[in-house]
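One letter stands for each residue in the lines below.
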Amino acid sequence: MNISKRTKIGKNSIIADTAKIFDNVVIGDNVFIGDFCSIGFKNKITSKDKLIIKKNTIINSHSIIHQNSSIGENSIIGHHVLIREKTLIQNNVQIGSYSDIEGNTKIESYTKLHSNVHIGQHSLIMSYCWLFPYVILTNDPIPPSDIRAGVIIEPFSIICTRSTILPGKKIGFGSFVGANSLVNCDLKNETIGSGNPFKIRGDVNLIKIPNTKKNAYPWIDRFKKDYPKNIKNEYSLLRKKCIKS
Amino acid sequence: MNISKRTKIGKNSIIADTAKIFDNVVIGDNVFIGDFCSIGFKNKITSKDKLIIKKNTIINSHSIIHQNSSIGENSIIGHHVLIREKTLIQNNVQIGSYSDIEGNTKIESYTKLHSNVHIGQHSLIMSYCWLFPYVILTNDPIPPSDIRAGVIIEPFSIICTRSTILPGKKIGFGSFVGANSLVNCDLKNETIGSGNPFKIRGDVNLIKIPNTKKNAYPWIDRFKKDYPKNIKNEYSLLRKKCIKS
Amino acid sequence: MNISKRTKIGKNSIIADTAKIFDNVVIGDNVFIGDFCSIGFKNKITSKDKLIIKKNTIINSHSIIHQNSSIGENSIIGHHVLIREKTLIQNNVQIGSYSDIEGNTKIESYTKLHSNVHIGQHSLIMSYCWLFPYVILTNDPIPPSDIRAGVIIEPFSIICTRSTILPGKKIGFGSFVGANSLVNCDLKNETIGSGNPFKIRGDVNLIKIPNTKKNAYPWIDRFKKDYPKNIKNEYSLLRKKCIKS
């Protein structure tokens, strides 16, 4: 049997018979853990260590979650994912396959990472963001060093495929980073930036829905999949918090 | 035992003892499936679901193939691969390690994907193409949205390392996309494009074999490994189909 | 039991019960091999094949190491790594998670590869280098071909996140390649290069420690983690060898 006796598993949870669950893991109700997962590993687990996986969460096959992290309710973790120590994932988050969360990171509710996203330590990704495939958040301004200048991404931001964000940079509320960009400065709220070298391209309302004159952003009026009904209120509240002008 | 009884396995096929084969998988003769593979998974498999893996195909360790796909004869799937539902792979195809095929995709015969290629849904990759490491095919023009504008890659095209193709773009027959490009427009037949910003650089016959004046493309005269003997006829037929001028 | 009888395991070594160890593997003392690893695989292992894993080395879960390679002492291999045949890794090397070492490659002592680094065949990475996440070393100048022009990286070089080095290019001693670069020429000793298109930016002493006038490179005066005490002597010796002017 691959499940430690020092682990708690909630009602109706399904753990694949090839998955490995180490000590001090607390799994909520209705959780699914797929084949060949390694959950709660640490070199020497002591009584201080704890990994929490909350109710209704799905962890797909071949994924690894280390000790001392917390995965929120209703979250979906892809295949071949790696989540290292001290990662705090809130509710309703999605982490795409092959994503590599290096630890010491907070990912807030309703944020979605697509496949193969790399999150360096000390990143903060706030709620309702989208990070598309192969996005990288870095943290070391003079590599190698012990300096860790994490990236901050404010709510409702969109980081398109294969963009890299350099250490310590902040992406403002509701902003849009184009594909394959190398972000080397802070990006203001509701602003488009793209390219390598990186350039500010103007206000997000410049992007239109194809073949129309309608604004594509904010996306909350046109894309509702899996979001809460009160998303408009959430949007207004978070916008007010971030934009004080 | 990790192999479902509701699965058919052909003659001389080898399934590693740690691999997991779910219901409704049909495996041909002389197939090899490596350790820690997950083959035919789906949340709830019904009688309508089916995964076909044809004869002489090799699936290396730690790979995942979901239901309702088909993998052709003589194909090679690398390590740590993920192939999602409704992927149609024809014969003699290679899928490199860590590649992530998101589903709803067709990959035609003799096409080769190197390591860590990401294929968004609704892509069509025609025969005899090469996609090199870390190529990404995208599909969403205003992310996040429900629009899926898949990429089309015509036969004998070469997409070099780390290129990104934006949603709905078409790469013409026998064309060449340089490394690290961000393809934001259609590329005509037998044309070179590269860079970020992307630029058309001219006809593929501008690329020479190093230290010679010989054309490097089409490559069929100088590189024959694992291709059929009648590849020249195939090339002429497919060229005629694609180039109507 | 998943461990071949034709394999030697040293004292105090720990092999996870779900790991698979094939024939002709020689494992030193105090080695750790994590869950779901595949160690020493080859299609048909003959008496000529051999895989050596030296003492005090850690191989984390879900990693794959093929036959006819050698992993040095005190090395750390991440999760989900793939190391193919004829890879020679010296002592005190780190290979980050998801890294893909394609084989026929030498990685010298004290070099560190971060996550998701792709090393094409016939690469030579000398000692005390750093390759950051998603770096790619290529090898084929006219893909697809049988030409293999490997990349050479001299000691104490820094290759930042997501840089691509084109076939046959050499990075000189103590040089610095900025993030997201496409290196299309040789880079001299102690030189900065960056961008796509790639440009030489000057001497490495132009990079300062943030908010100071102190040089950031060479890094050996300011970053000592896990390096030998005599690193300064090593640096001087290797510098003399590489820089003959």
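Residues numbered from 1 in each chain as written. Chains lettered and ligands numbered in written order. Predicted model: local features only at pLDDT ≥ 70, side-chain atom pairs only at ≥ 80, totals over all residues. Heavy atoms only, no water.

Asks: Account for the interface of chain A and chain B, with residues named and values stated.
Replies: The interface is formed by 34 residues belonging to chain A together with 40 residues belonging to chain B. Between chain A and chain B the total buried area reaches about 2700 Å² when both faces are included, carbon and sulfur atoms providing 59% of it. The largest contributions to the chain A side of the interface with chain B come from Tyr98, Tyr134 and Arg162 of chain A, which together make up 22% of the buried area. Linking chain A with chain B are two salt bridges, by the criterion used here. Our count for the contact surface shared by chain A and chain B stands at 20 residue pairs in polar contact (both at pLDDT 80 or more). (Contact = heavy atoms within 4.5 Å. Buried area = accessible area lost by both parts, 1.4 Å probe. Salt bridge = Lys/Arg side-chain N within 4 Å of Asp/Glu carboxyl O. Polar contact = N/O pair within 3.5 Å; in protein donor to acceptor, adjacent residues only side chain to side chain.)

Asks: Provide a residue-level description of the pairing of strand E6 (residues 38-41) of chain B, including the pertinent values.
Replies: Here strand E3 (residues 20-21) of chain B pairs with E6 of chain B via two bridges, running parallel. Considered in E6 of chain B, the bridge of Ile21 of chain B is made with Ile39 of chain B. (Pairing = 2+ DSSP bridges. Helix = DSSP H or I, 4+ residues; strand = E, 2+ residues; numbered from the N terminus.)

Asks: Give me the lowdown on the interface of chain C and chain B, citing residues and values where you can.
Replies: In this complex, chain C contributes 40 residues to the contact, which on the side of chain B involves 34 residues. For the pair chain C and chain B, the two sides together bury roughly 2700 Å², of which 59% comes from carbon and sulfur. For chain C, the biggest contributors to the area lost against chain B are Ile142, Pro143 and Pro144 of chain C; these three give 24% of the whole. Along the contact surface separating chain C from chain B lie two salt bridges. Notably, a salt bridge pairs Asp17 of chain B with Lys20 of chain C, separated by 2.4 Å at the nearest N-O pair. Applying the counting criterion to the chain C and chain B interface returns 20 residue pairs in polar contact (both at pLDDT 80 or more).

Asks: Before we move on, can you summarise the relation of the copies chain A and chain B with the specific residues and values?
Replies: Structural alignment of chain A on chain B gives an RMSD of 0.0 Å, achieved by rotating through 120° and translating 0.0 Å along the axis. Those values place the two copies in the arrangement expected of a three-fold rotation axis. (Least-squares fit on C-alpha atoms with pLDDT ≥ 70 in both.)

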